[in-house]
Amino acid sequence: MSMLSRWIGLDRGGSDRPQAFEALEPRQLLSISATVIDTTVRPTEWLLVVRYQSDAAVDLSTIGNGDIRVTASANPGGAPPFSYEQPGTLWMQPIPQQDGSVLAVYRVGANGGAWDYSDNAWYRIRMNPNEVRDTSGSYAPEKIIGQNFLWFTNPKAEITQAVVGGSGWQVTVLYSDDNGIDESSLASGNIEVRKGAFTAIGTFNYKLAVAGGIKAYYTLKIAQVSASWLNNGSYDVWMRSAQVFDTAGYSLPAFKLGTYSYSTSNPGAQLVSQNMTASAWTVTVRYSDDAGINVSSIGNGDIRAKLNSSSFLPSTLVGSPTVDTDGTVLATYQILGSFSAAGGVYDLTMTGTQVYDTAGNSVTGGEFIRKENTARGLPSGTTLSNTRVNANTWDVTVRFTDDVSLLAASIATGSVNVTTTRGFYAMPILVSATQESSGSWTATYRMTTTASSFAPGRYYLRTQNLGVFDNAGHGSPDMELLAFTL
């Protein structure tokens, strides 16, 4: 009888198995294990590398968002309540290793959008139960799989109030730091608002010392005059990198402060052209609305001008409004007055409740442009050529001019934009720029689409508001350069 037959008891019903064999326990599979093997802290996130290992194969399909969570607590031992608790999101596809283990990289976001001095603490990485298993059905057990003490020196910023309405949103940001905020760093350009390719820099208004820090008050302008149906959508307010500092020289990184939605039925009014002489200011405006403009509501007094905050000068409609192929309406006005006063600063504004759409909604009031007298111009642009290179590429060449000299660095991507009344917004890329004289530059821009072709329709090339500057600090107005059809 062979030893094998004796061990499995074929001849005697298993009664003569060796004593040692009877003492053996059934083989137990090792539990799948999870261990943090590396981490990378970035200004707005923390990346965690976890190794999963088992004597059976790791089931890759069970690795995903929520496998782990990261907590921080001021209590001894990290007990709840937690000052921070975030689930890990899978940052990249799991990576199988030659030894059968699997690496998974997870991401957790910073508290409030960016790490700061108030986030200093012990952080514990916890494996969540019933998340990751091997092919035998064994799950990685719930437990702490790693811990790190994170230390930060950056200041803290948070929005405490946002008044979202009209063209100029009012946003209050509270800054704080254990060393104190460098108040001289609070200025225009600290924050910006974004919607797709659209970006507008925030204007600093004033600051106020409060308990817990410094409040800074900003205006974010999402439209030239007042916000309209053209501006509907979701906007992100961002802190801009290396703008606000503490007294030790540490700065805030770029990160999203908050997201806000805007919606209105008001028609839109956009500046097409303006020309000021010593006795007259001639202005063309384009009106648009998804319900259509009530052309009969366009008339005298729709726009007006004032000198140094004095009384308004009314406008007179020149000729009849014209309807463009996309339903937008062009209206030209003339304002008579003396526009050559020394030191004069003139505001061109829209008069509220004058121009209506066919549903009864009116354009609300707001400023088109602020301009000094005729002796001092603003940077302006004219289109020299535009070419559709192929189905998804379009080039345009613009000449920028100024009566003194242009700031070369301001002629860049972001100087012009392209819009439609269908919600399209693009910022063409600068291809080349050539100086013709101190006060004249030509610049070629390229607009592309990832689609097979541009959507057919009417497009408008515009100078970006404050997109091009002269060397005296005057910025270009938001003004139409070209209306074209693709």
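Residues numbered from 1 in each chain as written. Predicted model: local features only at pLDDT ≥ 70, side-chain atom pairs only at ≥ 80, totals over all residues. Heavy atoms only, no water.

(A) Region of interest: the overall build of the protein chain. A count of helical and extended segments in the protein chain gives 2 helices and 33 strands. Whereas a compact globule of 486 residues would reach a radius of gyration of roughly 23 Å, the protein chain reaches 32 Å, over 25% beyond that. Projected onto its principal axes, the C-alpha positions of the protein chain cover 120 × 55 × 50 Å. A buried classification covers 45% of the 486 residues belonging to the protein chain. Residue pairs at least 24 apart in sequence account for 63% of intrachain contacts in the protein chain once pairs closer than 6 positions are excluded. On the protein chain, roughly 22500 Å² of surface is accessible, and the fraction owed to carbon and sulfur atoms is 51%. Across the protein chain, the centroid of the 32 positively charged side chains sits 2 Å from that of the 40 negatively charged ones. (Helix = DSSP H or I, 4+ residues; strand = E, 2+ residues; numbered from the N terminus. Rg over C-alpha atoms; globule rule 2.2 N^0.38 Å. Buried < 20%, exposed > 50% of the residue type's maximum accessible area, 1.4 Å probe, protein only. Contact = heavy atoms within 4.5 Å. Areas by Shrake-Rupley, 256 points an atom, 1.4 Å probe, with all protein chains shown as cover. Lys, Arg positive; Asp, Glu negative; His and termini not counted. Charge placed at Lys NZ, Arg CZ, Asp CG, Glu CD.)

(B) Local environment of the pattern of salt bridges. Inspection of the entire model under this criterion finds 14 salt bridges. Taking the shortest distance from any N to any O, the salt bridge between Glu 45 and Arg 42 comes out at 3.1 Å. With a closest N to O distance of 3.2 Å, Arg 69 and Glu 85 form a salt bridge. Here Arg 69, found in strand S3 (residues 68-72), pairs with Glu 85, found in strand S4 (residues 84-87); they are 16 residues apart in sequence, far enough to count as distant. Several salt bridges share partner residues, and in doing so they unite Arg 286, Asp 324, Arg 458, Arg 462, Asp 478 and Glu 480 into one network. (Salt bridge = Lys/Arg side-chain N within 4 Å of Asp/Glu carboxyl O.)

(C) Expanded view of the pairing of strand S18 (residues 268-276). Summarising burial for S18: 7 of the 9 residues are buried, a large majority. As judged from the 8 bridges shared by S18 and strand S19 (residues 280-288), these two strands associate in the antiparallel manner. In the strand pairing of S19, Leu 271 is matched with Val 285. Once S18 ends, the chain turns through 3 residues before running back antiparallel as S19. (Pairing = 2+ DSSP bridges.)

(D) Structural view of the packing of aromatic side chains. By the definition in use, this model includes 18 aromatic pairs. Measuring from ring centre to ring centre gives 5.8 Å for Trp 281 and Phe 339, while their planes differ by 70 degrees; the resulting arrangement is edge-to-face. Of the two residues, Trp 281 is situated in strand S19 and Phe 339 in the loop between strand S23 (329-336) and strand S24 (345-350); the sequence distance between them amounts to 58 residues. Taken together, a centroid distance of 6.3 Å and an interplanar angle of 75 degrees make the contact between Phe 454 and Tyr 459 edge-to-face. The same class applies to Phe 454 and to Tyr 459, which are both buried. Ring pairing ties together the aromatic residues Trp 46, Tyr 84, Trp 115, Tyr 123 and Phe 152, which thus form one cluster. Just above the ring of Trp 238 sits the side chain of Arg 194; from NZ or CZ to the centre is 4.0 Å. (Phe/Tyr/Trp six-rings, centres within 6.5 Å; stacked < 30°, edge-to-face > 60°. Lys NZ or Arg CZ within 6 Å of the ring centre and 35° of its normal.)

(E) Quick look at unusual backbone geometry. Look at Thr 353: it is not a glycine, yet its phi comes out positive at around 50 degrees. For Thr 353, the position within the fold is in the loop between S24 and strand S25 (366-372). The phi angle at Leu 466 is positive, at roughly 60 degrees, despite the residue not being glycine. With respect to the secondary-structure elements, Leu 466 resides in the loop between strand S32 (458-463) and strand S33 (479-485). What makes Leu 466 partly exposed here is its relative accessible area of 47%.

(F) Structural context of the sheet that holds strand S28 (residues 416-419). If you walk across this open sheet you meet the 4 strands as S29-S28-S32-S33, and the pairing is antiparallel. Where the open sheet ends on each side, the last strands, each with one partner, are strand S29 (425-426) and S33. When S28 meets S32, the two strands line up antiparallel, connected through 4 bridges. Bridge pairing links Val 416 to Thr 463 in S32.

(G) How the structure looks around the side chain of Arg 458. Assignment of secondary structure puts Arg 458 in strand S32. Residue class for Arg 458 comes out buried when judged on its relative accessible area of 18%. For Arg 458, the side chain forms a polar contact with the side chain of Asp 324, separated by 3.3 Å. At 3.0 Å, the side chain of Arg 458 and the side chain of Thr 485 are in polar contact. (Polar contact = N/O pair within 3.5 Å; in protein donor to acceptor, adjacent residues only side chain to side chain.)

(H) How the structure looks around the sheet that holds S4. Taken together, the 4 strands give an open sheet; going across it, the order is S4-S3-S8-S9, and neighbouring strands pair in antiparallel fashion. Of all the strands in the sheet, the pair left with one neighbour each is S4 and strand S9 (143-150). The mean angle between the axes of side-by-side strands here comes to 20 degrees, regardless of whether they run parallel or antiparallel. Relative to S4, S3 runs antiparallel, the two sharing 4 bridges. Each residue of the ladder has a partner; that of Thr 71, found in S4, is Glu 85. (Axes fitted to C-alpha atoms, helices over the stretch in contact; angles between N-to-C directions.)

(I) Layout of the nonpolar core. Formed by 29 residues in total, the largest nonpolar core has its most connected members in Tyr 175, Leu 186, Ile 191, Met 239 and Leu 257. The set of elements that each furnish at least two residues to this core consists of strand S10 (156-163), strand S11 (168-176), strand S12 (191-195), strand S13 (198-201), strand S15 (213-221), strand S16 (233-239) and strand S17 (255-262). If near-sequence neighbours (up to four positions away) are discounted, Leu 257 is found in contact with Ala 157, Glu 158, Ile 159, Val 173, Ile 191, Val 237, Trp 238 and Met 239. (Core = buried A, V, L, I, M, F, W, Y, C linked by side-chain atoms within 4.5 Å.)

(J) Looking closely at the environment of Gly 360. Within the fold, Gly 360 resides in the loop between S24 and S25. The exposure class of Gly 360 is partly exposed, given its relative accessible area of 49%.

(K) Examining the pairing of strand S26 (residues 380-390) more closely. Where S26 lies against strand S27 (residues 393-401), 9 bridges are found, and the strand directions are antiparallel. Across the sheet, Asn 390 pairs through a bridge with Thr 393, a residue of S27. Linking S26 to S27, which pair antiparallel, is a turn of 2 residues.

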